[in-house]
Amino acid sequence: MPDTPEPSASSSVPVPVAVPSHFQSFLAFDFGLKRTGVASGNRLLGTATPQATIKAEGDARFAQVEARIKEWQPDALVIGVPYHPDGAPHENTRRAQKFARQLRGRFNLQVFEVDERYSTTEALASGARDADAASACIILEQFLRSLP
């Protein structure tokens, strides 16, 4: 039996997964069909820094993700997964989870999913120029705050 539980496909919200203490640097993504926000951060500082938003779809998106991974060399990836306010999944939930599975398969890195409800609203309310990158920062900082 694995030490870390995987999210259940039938549950509406991912089950928390233990993050190894040697994982220090992370790259986070706020997945979108046309734009994907990106942020980098580390466990020591507990902060995230916005990176240029990826404005691409399909394989072109993965080429840019690969370039970011090579540049930042993160220990793991963090993906924001949207849900309805009541926690129910919707079409974008499934799309973000598919993106997470594709990242795991293509880059052989552990991917942690974070409930990203209201991250874009929070980014816009803060006056962010790039709401996608700001949302990725919010997602990553929420993830970093949850670490022991």
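First, a word on scope: everything that follows refers to the structure included in this document. Since this is a predicted model, take the numbers as computed values, not measurements.

On to the pattern of salt bridges. Throughout the structure, instances matching the rule amount to 7 salt bridges. Residue Glu91 pairs with Arg94 through a salt bridge whose shortest N-O separation is 3.7 Å. In this pair, Glu91 and Arg94 both sit in helix α2 (residues 91–107), 3 residues apart, roughly one turn of the helix. A relative accessible area of 43% means that Arg94 is categorised as partly exposed.

Only a minority of non-glycine residues have a phi that is not negative, and only a minority of peptide bonds are not trans. Even without a glycine there, the phi angle at Asn108 is positive, about 55°. Relative to the helices and strands, Asn108 is located in the loop between α2 and β5 (110–115). Here Asn108 falls in the exposed class, since its relative accessible area comes to 70%. Backbone geometry at Tyr118 places phi at a positive 75°, although glycine is not the residue there. Counting through the fold element by element, Tyr118 comes out in the loop between β5 and α3 (119–125). Of the residues examined, Tyr118 reaches a relative accessible area of 52% and is grouped as exposed.

Let's shift gears to the packing of aromatic side chains. As enumerated under the stated definition, the model contains 6 aromatic pairs in all. Ring geometry for Phe62 against Phe99: centres 5.7 Å apart, planes inclined by 35°, an arrangement best described as tilted. Highlighted residues: Phe62 in helix α1 (residues 58–72) and Phe99 in helix α2, separated in sequence by 37 residues. For Phe62, a relative accessible area of 5% translates into the label buried. Using a relative accessible area of 1% as the deciding quantity, one classes Phe99 as buried. Each residue in the set Phe23, Phe26, Phe112 and Phe143 is aromatic and connected to the rest through ring pairs, giving one cluster. Taking the ring centre of Phe62 as reference, the NZ or CZ of Arg106 above it sits at 3.9 Å.

Definitions and cut-offs
- Residues numbered from 1 in each chain as written.
- Predicted model: local features only at pLDDT ≥ 70, side-chain atom pairs only at ≥ 80, totals over all residues.
- Heavy atoms only, no water.
- Salt bridge = Lys/Arg side-chain N within 4 Å of Asp/Glu carboxyl O.
- Helix = DSSP H or I, 4+ residues; strand = E, 2+ residues; numbered from the N terminus.
- Buried < 20%, exposed > 50% of the residue type's maximum accessible area, 1.4 Å probe, protein only.
- Phe/Tyr/Trp six-rings, centres within 6.5 Å; stacked < 30°, edge-to-face > 60°.
- Lys NZ or Arg CZ within 6 Å of the ring centre and 35° of its normal.

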